[in-house]
Amino acid sequence: MSTPELKAPRPPELLSPWRTEARVALQQEARAFAREVVLPLADALDPQKGEMPRTLIDAMAEKGWFGITIPADYGGMGLGVFEYCLVSEELARAWLSVGSILARGQGLGTQTLDDDRRRALLAKSARGQWIGSIALSEPTAGSDLAGVRTRAVREGDAWVLTGTKRWAGFAQGADFIEVLARTREPKPGEPRSAGLEPFLVVKEPGRFPEGMTGTVIDKIGYHGFLTFELELDGVRVPESDRLTGLYGDEGADADAGGFASVQRGLNIARVHTAARAVGVARAALEDCTLYLQEREQFGHPIGDFQALRFALADMAAEVAQARAYWQQVAHLLDQGEPAESESAQVKLLATEMAVRVTNQAMQLHGGNGYTTERRIERYWRDARLTTIFEGTSEIQRRIISDRMLPRP
């Protein structure tokens with residue numbers, strides 16, 4: 001008796017009104033790269049908590065993906081948030097951290113006070129030669145960024161940074177670290193965020209600059225690059241490296257403070273997180289589709305049992321819903337809409353969905369899902385983080401409700 005051929009899961013396609021030939025081609029390119037290049041590396045390195053090799057980053061740079069949202073005048077692809085998230089979803093389907101490393105380009109660390117330098121850094125960012133780390137959070141300031149205590153004190157034509165930063169991913173391997181620091185205390189009547197500014201700490205990849213040390217945080221997932229707690233003890237930053245904005249926000253005003261630009265950038269980051277969460281959930285769904293056909297119990301593939309078929313159907317519907325929503329919100333951002341509430345909603349919906357779907361995928365795999373022999377445990381670990389970084393689910397609920405009701 002011949003073994004029946006397995007029905008391979010069908011990867012989702014772009015649907016109207018978001019479908020264009022250029023986007024389909026970009027999606028297919030990213031999908032093939034994720035399957036053929038990223039997935040084998042993830043399978044080999046993630047169990048060892050290994051770092052993605054520089055050759056992988058260079059291969060992504062050759063495709064221009066670190067400059068997806070950088071204007072073509074600077075060597076970028078000149079595309080939008082939609083395409084940025086489209087590529088990230090496909091890469092995260094293979095390994096979450098690879099979908100995340102793209103955010104370290106896209107013009108990050110280029111908003112310097114000198115226009116000529118800014119243009120040169122944008123060109124480097126587009127080529128994948130200016131990849132950074134972001135140091136916003138602290139041991140006592142995570143979701144509440146206005147509580148940042150790291151100090152920046154002016155000394156002549158430089159600023160001296162002192163404090164502790166936490167959750168700085170890729171900090172050692174980066175070309176620079178963006179540090180959010182307080183230059184002054186808020187004046188009476190000002191918001192608590194007044195006086196917070198982002199600074200550019202330029203460094204050599206593989207080492208920390210003078211005055212900075214880093215301790216690796218041992219995570220349960222999100223492997224592929226190391227995450228650090230940083231101690232800053234008199235790190236000197238020239239005035240020319242005080243940033244006027246983040247995430248390519250050309251409208252940021254240095255006098256208005258960098259905090260507002262960080263908040264605007266978080267809207268894009270939250271949609272990006274939603275797309276990455278969808279990628280992880282898709283991986284679990286597609287692996288389950290095959291496993292239900294492979295695994296036999298009581299003389300039948302377990303996919304013959306209605307309860308398991310229906311569980312798979314619910315997973316598929318949830319993934320499709322979140323996927324459609326991130327595409328809608330990315331479109332709004334590309335149209336110039338602030339979409340603050342929508343960004344929070346899609347981040348909340350997609351990441352909580354990813355936790356449910358990967359958890360159900362582990363259940364459908366039974367005991368095999370609770371081993372390192374299958375990828376399910378990786379998806380499960382990585383999905384859990386998506387509800388925490390870029391603002392926890394509770395913070396997203398606060399953002400949404402504060403725009404619906406008077407603030408207490």
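Every chain's residues receive numbers from 1 upward, in the order its sequence appears when written. Thresholds applied to this predicted model are a pLDDT of at least 70 for local features of residues and 80 or more for the giving and counting of side-chain atom pairs; totals over whole chains, interfaces and linings are not thresholded and use all residues. Values shown for side chains rest on all heavy atoms present in the structure; no hydrogens or waters enter the calculation.

1. Side note on the UniProt feature "domain: Acyl-CoA oxidase/dehydrogenase middle" (unreviewed entry) in the protein
And then number 1: UniProt positions are given in the numbering used here, feature names are shortened, and annotations may be inferred rather than shown by experiment. As annotated in UniProt, the feature "domain: Acyl-CoA oxidase/dehydrogenase middle" (unreviewed entry) corresponds to residues 134–235 in the numbering used here.
And then number 2: Helix makes up 0% of residues 134–235 and strand 46%, and the two end C-alpha atoms of the span are 16 Å apart. Put simply, DSSP H or I for four residues or longer makes a helix, DSSP E for two residues or longer makes a strand, and each gets a number counted from the N terminus.

2. Some words on the packing of helix α8 (residues 340–364) against helix α9 (residues 376–386)
And then number 1: Convention adopted: a line fitted to C-alpha atoms gives each axis, helices being fitted over their contacting stretch, and angles between N-to-C directions are expressed from 0 to 180 degrees. Orientation of α8 relative to α9, taken along the N-to-C sense of each, is 155 degrees, at an axis distance of 8 Å. Between α8 and α9, the angle falls in the class roughly antiparallel. Once α8 is placed against α9, the crossing between them reads as left-handed. Facing α8, whose interface residues are Lys347, Thr351, Ala354, Val355, Thr358, Asn359, Ala361 and Met362, α9 presents Ile376, Glu377, Tyr379, Trp380, Ala383, Arg384 and Thr386.
And then number 2: Here the contact of α8 with α9 is built from residues that sort into eight nonpolar, four polar and three charged. Oblique is the label for every angle not falling under 35 degrees (roughly parallel), over 145 degrees (roughly antiparallel), or within 65 to 115 degrees (roughly perpendicular). The sense of a crossing depends on the near helix, which, turned anticlockwise from the far helix by less than a right angle, makes the crossing left-handed and, turned clockwise, makes it right-handed. Throughout, a residue-residue contact means that at least one pair of heavy atoms, one from each residue, lies within 4.5 Å. Note on residue classes: Ala, Val, Leu, Ile, Met, Phe, Trp, Tyr, Cys and Pro are nonpolar, Asp, Glu, Lys and Arg are charged, and everything else, Gly too, is polar.

3. Some remarks on the pattern of salt bridges
And then number 1: Each salt bridge in this description consists of a side-chain nitrogen of Lys or Arg and a carboxyl oxygen of Asp or Glu lying within 4 Å of one another. This model, assessed by the stated rule, comprises 34 salt bridges.
And then number 2: Its salt-bridge partner being Glu286, residue Arg93 comes within 3.0 Å of it at the nearest N-O pair. Within this pair, whereas Arg93 is found in helix α3 (residues 81–94), its partner Glu286 is found in helix α6 (residues 259–294), the two being separated by 193 residues in sequence.
And then number 3: Of the charged contacts in the structure, one is a salt bridge between Glu229 and Arg166, with a shortest N-O distance of 2.6 Å. Taken together, the positions of Glu229 in strand β7 (residues 227–238) and Arg166 in strand β3 (residues 158–169) put the pair 63 residues apart, joining distant regions of the chain.

4. Looking at the side chain of Asp175
And then number 1: Summarising the element assignment, Asp175 is placed in the loop between β3 and β4 (176–182).
And then number 2: Only protein chains enter the accessibility calculation, which uses a 1.4 Å probe. A residue is then buried if its area is under 20% of the maximum for its type, exposed if over 50%, and partly exposed in between. Asp and Glu are treated as the negative residues and Lys and Arg as the positive ones, with His and the ends of the chain left uncounted. With no salt bridge to any partner, buried Asp175 finds its closest opposite charge in Arg54, at an N-O distance of 5.2 Å.
And then number 3: In contact with Asp175, other than residues within four places in its own chain, are Gln129, Trp130, Ile131, Val202, Lys203 and Pro205.

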